[in-house]
Amino acid sequence: MLTYGIALLVVVVVFQILKYSIRRKRPVVRPESKRLTSRLTKAEHGTFSMPSGDASCVGLFCFLYTAMMGIPTTYIIMPLVMAGRVFYQCHWWGDTLCGVVIGTVVGTIVFTQFEAWAPLARLICGEGTFIPEF
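To start, this report covers the structure provided alongside it. (Residues numbered from 1 in each chain as written. Predicted model: local features only at pLDDT ≥ 70, side-chain atom pairs only at ≥ 80, totals over all residues. Heavy atoms only, no water.)

Regarding helix α4 (residues 77-87)
Part 1 of the reasoning: Within α4 the residues assigned to the buried category are M78, M82, R85 and V86. Buried residues of α4, seen end-on, are gathered within an arc of 100° and therefore sit on one face of the element.
Part 2 of the reasoning: Here the buried face of α4 lies against α3 (53-69) and α5 (93-112). (Buried < 20%, exposed > 50% of the residue type's maximum accessible area, 1.4 Å probe, protein only. Helix = DSSP H or I, 4+ residues; strand = E, 2+ residues; numbered from the N terminus. Arc of directions from axis to C-beta. Contact = heavy atoms within 4.5 Å.)

See the structure below:
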C-alpha cells in the first residue's frame, strides 16, 4: 500500500504539471449524444485534457499489481478505462495513451527503486513492519 500511495502521489503531481503545461482543450460534447457526458464534462469544466489522470492511475495500478502479484490479466482494465474516457467525451485517445504511459513509467521507477526508500517506509510504519523483498 505504501508503494502504491507514494507512486500515486508522484503520478498526480506529474500529470497535473503536464496538464497545465500543455493546456490542451477537452473534446466538445456533441449534442446528439444522450449519455452522461453533460454531468461529467460539467464536473471537469475548467480543467485540461492532456494527459488523462484516470488513465495515468490505471496504468500505475495495472503495472504495480502485475509486478507485485504476478497477474498480468489486470491489463484488461486499461483499455476499458481508456475507452470509457473517450466514450464519455472527456478525453481524446492520445490523452489516454499518454496517461497510461505516464502511469507505467512512474510505476516502473517506483517499483525498481523500492530498496532505496524501504528504510523510510520502516521508519514511518515502525520497525516490525513487514516490507517484502523484491
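Some thoughts on the packing of aromatic side chains
Part 1 of the reasoning: Inspection of the entire model under this criterion finds two aromatic pairs.
Part 2 of the reasoning: An angle of 25° between the planes, with centres 5.4 Å apart, marks the rings of F61 and Y65 as stacked. Note that F61 and Y65 are positioned in helix α3 at a spacing of four residues, about one turn of the helix.
Part 3 of the reasoning: Plain terms: the ring middles of F63 and F111 are 6.2 Å apart, the flat faces sit at 85° to each other, and that makes the pair edge-to-face. (Phe/Tyr/Trp six-rings, centres within 6.5 Å; stacked < 30°, edge-to-face > 60°.)

Some points on a nonpolar patch on the surface
Part 1 of the reasoning: Together, F61, Y65, M68, M69, I71 and I77 line one region of the surface with nonpolar side chains, adding up to about 490 Å² of accessible area.
Part 2 of the reasoning: Broken down by element, the residue count for the nonpolar patch peaks at four residues, all from α3.
Part 3 of the reasoning: When its relative accessible area of 35% is taken as the criterion, I71 is described as partly exposed. (Patch = residues over 30% accessible without salt bridge, like charges linked within 9 Å, V, L, I, M, F, W, Y side chains within 5 Å. Areas by Shrake-Rupley, 256 points an atom, 1.4 Å probe, with all protein chains shown as cover. Salt bridge = Lys/Arg side-chain N within 4 Å of Asp/Glu carboxyl O.)

Let's talk about the side chain of K19
Part 1 of the reasoning: Locating K19 in the fold gives a position in helix α1 (residues 2-22).
Part 2 of the reasoning: Within the local environment of K19, its side chain forms a polar contact with the backbone oxygen of P51, the two atoms lying 3.0 Å apart.
Part 3 of the reasoning: Among all residues touching K19, those that are not within four sequence positions of it are R26, F48, S49, M50, P51, G53 and H91. (Polar contact = N/O pair within 3.5 Å; in protein donor to acceptor, adjacent residues only side chain to side chain.)

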